[in-house]
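Residue strings, one per chain:
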Amino acid sequence: MNSMQPRIILLKEGTDTSQGVPQIVSNINACQMVVEAIRTTLGPRGMDKLIVDSKEKVTISNDGATILALLDIVHPAAKTLVDIAKSQDAEVGDGTTTVTLLAGEFMKQAKPYIEDGINSQIIIRSFRKATAFALKKIKEIEVTVKKDDPKEQRELLKKCASTSMCSSSSLTTRTSSPTWLSKLSCVSDLVCRST
């Protein structure tokens, strides 16, 4: 016999049992709080955060993965941002703050549509279409580097290093110095020889 048994769900005291749009909005708000905690650490002028844990251990960092790991996040949706950062760190080794901020921005942009009653599946479908469009544009502007041409590799490396070093506020005064460029050339020679 297949008799229907009543479904019993046990929840801890104070558990939020909201569903639907209010729950989605609550999840987005929780994620936004995490994003705001690390937003100011991004970029060459990113600020350090001082974090004191429950054991009175002090950590000063501007690394998104480190900060997210040290925060005591209990909200399940907000924990997904920590998982995103961990995945990014494991896969690439960099960009943890960027990927967290990007995920937070996607949620922030979707929130008004969800509040207006647009189904989340339609929003997800739109994000997928935007991703396909962005990937198509990236393919159109991609630059292929010839691995067998050391001169081209050296020039590309100098451009990348120059862009990176010029964006740092502490190095902007050195960019006009010819010795800075010659040091950069030496570094690019070493890197090109090792590849």
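Since the structure is predicted, the reported quantities are computational estimates derived from the model, not experimental observations.

Caption draft 1: View of helix H1 (residues 21-38). With 18 residues, H1 extends 26 Å from end C-alpha to end C-alpha; this agrees with the ideal 26 Å at 1.5 Å per step. Looking at the packing, one finds that the buried side of H1 touches helix H2 (64-70), helix H3 (76-91) and helix H4 (96-115).

Caption draft 2: Layout of the environment of methionine 33. Tracing the sequence through the fold places methionine 33 in helix H1. With 71 residues separating them along the chain, methionine 33 and glycine 104 place their C-alpha atoms 9.3 Å apart.

Caption draft 3: Representation of the pattern of salt bridges. According to the stated counting rule, one finds 3 salt bridges in the structure shown. With a closest N to O distance of 3.4 Å, glutamate 140 and lysine 137 form a salt bridge. Taken together, the positions of glutamate 140 and lysine 137, both in helix H5 (residues 120-141) and 3 residues apart, correspond to about one turn of that helix. A salt bridge links lysine 158 to glutamate 155, with the shortest nitrogen-to-oxygen separation between them at 3.7 Å. Taken together, the positions of lysine 158 and glutamate 155, both in helix H6 (residues 150-167) and 3 residues apart, correspond to about one turn of that helix. The class for lysine 158 is buried, based on a relative accessible area of 17%. Here glutamate 155 falls in the partly exposed class, since its relative accessible area comes to 33%.

Thresholds, definitions, all that
- Residues numbered from 1 in each chain as written.
- Predicted model: local features only at pLDDT ≥ 70, side-chain atom pairs only at ≥ 80, totals over all residues.
- Heavy atoms only, no water.
- Helix = DSSP H or I, 4+ residues; strand = E, 2+ residues; numbered from the N terminus.
- Expected span 1.5 Å × (residues − 1).
- Contact = heavy atoms within 4.5 Å.
- Salt bridge = Lys/Arg side-chain N within 4 Å of Asp/Glu carboxyl O.
- Buried < 20%, exposed > 50% of the residue type's maximum accessible area, 1.4 Å probe, protein only.

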